[in-house]
Amino acid sequence: MTDALPTPPPPTVPLDEPIFGAATSYMQEHSDLQPEEIERVVLAFKTRHPTEYTASLGASTASSLPQAVRGPLHTLARVWFGERGGVSTPPGIVAIWEDVLPGEEGGAPAVLDRLGSAGGSLSRPTTSTSAATSAAPDLHSACHDGGQPSAQPTPMAIEGGCLRSPGPGVGPRRSLRLHNTPGACMPPQPASAPLRLLSLNVNGLREPAKRRTLFGEFQRGRWDVLCLQEAHAVSAQEVATWAQEGAGMGMPLRVGCFANALTSQSCGVVTLVKDTAPLTASRLATAPGGGRLLDVVLTYAGMELSVVNCYAPCSHEDRPAFFTEALAAALPPDRPVLACGDWNFVPGEADVVGALGAGSHRQVGALQFEEVQVGHGLVDAWRHLHPDGPGVTHVAANGTGSSAARLDRWYVAAPLLPWVRACDIVHGLPGDHLGVELVLQPPVTLPGRKGRWRLPLYLLQDKVYCTGVVDRVHGFLAAHPLQAGYDARQRWEGLKACLTQFSMAHTLHARAAATQC
């Protein structure tokens, strides 16, 4: 507001006009605005659209309210509270905002000023799509290469079980479909259950008793994905037979089984995915020759993630070339990566304990690996969460001494770091190494009501959203063809999960852009 414009006098509430009651009822059904806020919206519409208002005086119920009134009311409320995000604000609404709503000190509309006092100032909606674009995180969609991101959370913080704004200057995010008690907030509803992955060098699985012990721990344990190194299997079919035998008679593993085998004496990497894992799909991406690398793609929380299982060479002469050639070629450039395994080297002196007599070559290959790590944006998850302490997973000894080292590690794509809930050492499993557990979960999702999430129908009027849906449908169908073990029902469920996650992320990004402009 400028100084040249006088402050409008308080409006007269036309309670005697049936349309006012109808419009108020409509807004109460379709928004969580307070009564005084609804009155101001209706009065603003009456002032700026007198023809439509007058023509609808006969409407007395929300159901009889004409679309000429219903649409602008709903649009105005959405723009106020950030639901439209990066969509341009109609000039008529800008005029309503500036010239009609009664102002208080400083010229700010009273509704916005009152909301700001409750939790920070509520930003006005953006007038361009640039803010929405800049607010989108750098994550690849699970459904469409190069498309809009699908699962990265907006900058909210969880405090006391409620969604709070991240700091001063960002007001409460309010949804048109959440009918909350004033002053109450709803707990965040996670998009997916935590995904728990375990990496373990098992040092051979040819002994039946050892397999039964390990598979029994996997069945009873909390892990969804088990990544094994040094399986000593001669073929993927042999690994499938082991999984069928499971933990003993009548206790087969119900898993997706992926293997890159070599010989009965060395190498072999295996990834087992429980049927009960919180995943939409899993598939084999690559299994290069040599029995040392295996890339399995998991669709989790609407995003495709590559779980790269690695067993690096023990020989220090072979490690540098393995990292610069084989590993670099196995890491996909178009998906976020979770890389795990027995790397057979340590990144630095902090990862070794004891005399270095047995481990004088432990750091060979570190420089070559670091080049690959930086090039693919990978972060050591355990060291990220535990800056101090060695976290050893293996002890080696010879005639000159012994040393313990952190050879087994999880590396996580940097954009996924907010998803990392835990990374811990696991004791008591078969093998000569300790296991390393990684727990993932999207940190913030849409607040929801009881029951399943529902699509806000106003999104169907959003051209950007509709275009994104079409692109993701085509991308998902192209990336997930029907094949043995993946039928039409699984494909349909996967597509629904993909589109649901995209819709939730689209709304979150719009809200973030509206509050950051």
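In the block above lies the structure referred to throughout.
As a starting point, this report considers the structure included with it. Each chain has its residues counted from 1, running along the sequence as written. With pLDDT at 70 or above as the cut-off, local features in this predicted model cover only qualifying residues; side-chain atom pairs require 80 or more to be listed or tallied, and sums for whole chains, interfaces and linings still use all residues. Only heavy atoms go into the side-chain values, all of them from the structure, while hydrogens and water stay out.

With that settled, consider the sheet that holds strand β17 (residues 435-440). If you walk across this open sheet you meet the six strands as β5-β6-β4-β3-β17-β16, and the pairing is mixed. Of all strands in the sheet, those bounded by a partner on one side alone are β5 (255-260) and β16 (420-426). Pairwise comparison of adjacent strand axes, ignoring direction, gives a mean angle of 15 degrees for this sheet. Note that β16 and β17 share six bridges and pair antiparallel. What makes two strands pair is DSSP finding at least two bridges between them. Numbered from the N terminus, helices here are DSSP runs of H or I no shorter than four residues, and strands are runs of E no shorter than two. Angular values range over 0 to 180 degrees, each being the angle between N-to-C directions of two axes fitted as lines to C-alpha atoms, with helices fitted over their stretch in contact.

Leu197, Leu338, Trp410, Leu438 and Leu440 are the most contacted members of the largest nonpolar core, which totals 34 residues. When neighbours within four sequence positions are excluded, Leu440 is seen to be in contact with Pro194, Leu195, Leu197, Tyr300, Leu305, Leu338, Trp419 and Val420. The term nonpolar core refers to a set of buried residues drawn from Ala, Val, Leu, Ile, Met, Phe, Trp, Tyr and Cys, joined through side-chain atoms within 4.5 Å. For the exposure calls, accessible area comes from a 1.4 Å probe over protein chains only, and a residue counts as buried if that area is under 20% of its type's maximum, exposed if over 50%, partly exposed in between. One finds Leu198, Leu214, Leu228 and Val426 within the second-largest nonpolar core, a separate group that totals 22 residues. By the convention used here, residues are in contact when the closest approach between their heavy atoms is within 4.5 Å.

Quick look at helix α8 (residues 208-220) now. Helix span is expected to be 1.5 Å times the residue number reduced by one. End to end, α8 covers 18 Å across 13 residues, agreeing with the expected 18 Å (1.5 Å per residue, within 8%). Residues of α8 that are buried include every one of Lys210, Arg211, Leu214, Phe215, Gly216 and Phe218, and no others. Looking at the buried side of α8, the elements it contacts are β3 (195-201), β4 (225-229), α9 (236-245), β5 and β6 (269-274).

Glancing now at the pairing of strand β7 (residues 281-286). Across five bridges, β7 lies against strand β8 (residues 293-300) in antiparallel orientation. Bridged to Thr286 within β8 is Asp295. Count of turn residues in the β7/β8 antiparallel hairpin: six residues, of which Gly290 carries a positive phi of about 115 degrees.

Strand order in this open sheet of six strands is β7-β8-β9-β10-β15-β12, and the pairing throughout is mixed. Because the sheet does not close on itself, it has two edges, and the strands there are β7 and β12 (378-380). With direction set aside, neighbouring strand axes in the sheet form an average angle of 25 degrees. Relative to strand β15 (residues 408-413), β12 runs antiparallel, the two being bridged by three bridges. Counted as the bridge partner of Leu378 is Ala413 from β15. Docked against the sheet, helix α10 (residues 319-330) engages β7, β8 and β9 (303-311), running at close to 30 degrees with respect to β8.

Before going further, it helps to spend a moment on the pattern of salt bridges. Salt-bridge detection follows one rule: a side-chain nitrogen of Lys or Arg within 4 Å of a carboxyl oxygen of Asp or Glu. All told, the structure shown has 11 salt bridges when counted by the stated rule. With a closest N to O distance of 3.4 Å, Arg283 and Glu304 form a salt bridge. Linking Arg283 in strand β7 with Glu304 in strand β9, this pair joins segments that are 21 residues apart in sequence. When the shortest N-O distance is used, the salt bridge between Arg383 and Asp351 registers 2.6 Å. A residue pair is termed long-range when its members are at least 10 positions apart, and Arg383 in helix α12 (residues 381-385) and Asp351 in the loop between β10 (337-342) and β11 (352-354) qualify at 32 residues. Take Arg383 and Asp351: they sit in the same class, and that class is buried. A single salt-bridge network, built from bridges that share partners, covers Asp351, Asp380, Arg383 and Arg406.

In a pair of packed helices, the angle between the axes and the distance between the axes together describe the arrangement. It is at 7 Å that the axes of α10 and helix α11 (residues 366-375) come closest, and there the two elements cross at 20 degrees. Considered as vectors, α10 and α11 are oriented roughly parallel to each other. The handedness of the crossing between α10 and α11 is right-handed. Contacts between α10 and α11 involve Pro320, Phe323, Thr324, Leu327 and Ala328 on the former and, on the latter, Gln368, Phe369 and Val372. Just so you know the grouping, Ala, Val, Leu, Ile, Met, Phe, Trp, Tyr, Cys and Pro go in nonpolar, Asp, Glu, Lys and Arg go in charged, and all remaining residues, Gly too, go in polar. For the contact of α10 with α11, the residue count by class is six nonpolar, two polar and no charged. Note on terminology: angles under 35 degrees are roughly parallel, angles over 145 are roughly antiparallel, angles of 65 to 115 are roughly perpendicular, and the others are oblique. Take the far helix as your reference; a near helix turned counterclockwise from it by less than a right angle gives a left-handed crossing, and one turned clockwise gives a right-handed crossing.

Attention shifts here to the pairing of β17. For a regular strand, the rule is simple: side chains alternate between the two faces of the sheet. Most of β17 sits out of view: six of its six residues are buried. Residues of β17 alternate between two faces, with Gly435, Glu437 and Val439 on one and Val436, Leu438 and Leu440 on the opposite face, all of them buried. With five bridges joining them, β3 and β17 adopt antiparallel strand pairing. Bridge pairing in β17 places Leu195 opposite Leu440.

Below, the discussion takes up the side chain of Glu304. Under the relative-accessibility criterion, Glu304 is labelled buried at 9%. Residues adjacent in sequence count toward polar contacts only when both atoms are side-chain atoms; beyond that, a polar contact is any pair of N or O atoms within 3.5 Å, and within protein one must be able to donate a hydrogen and the other to accept it. For Glu304, the side chain forms a polar contact with the side chain of Arg283, separated by 3.4 Å. Within the structure, the side chain of Glu304 is placed 3.1 Å from the side chain of His480, a separation counted as a polar contact.

Now for the environment of Arg383. A C-alpha to C-alpha distance of 9.5 Å links Arg383 and Trp410, two positions 27 residues apart in sequence. One polar contact links the side chain of Arg383 to the main-chain carbonyl oxygen of Pro387, over a distance of 3.2 Å. Within the structure, Arg383 has its side chain in polar contact with the backbone oxygen of Gly389 (distance 2.8 Å).

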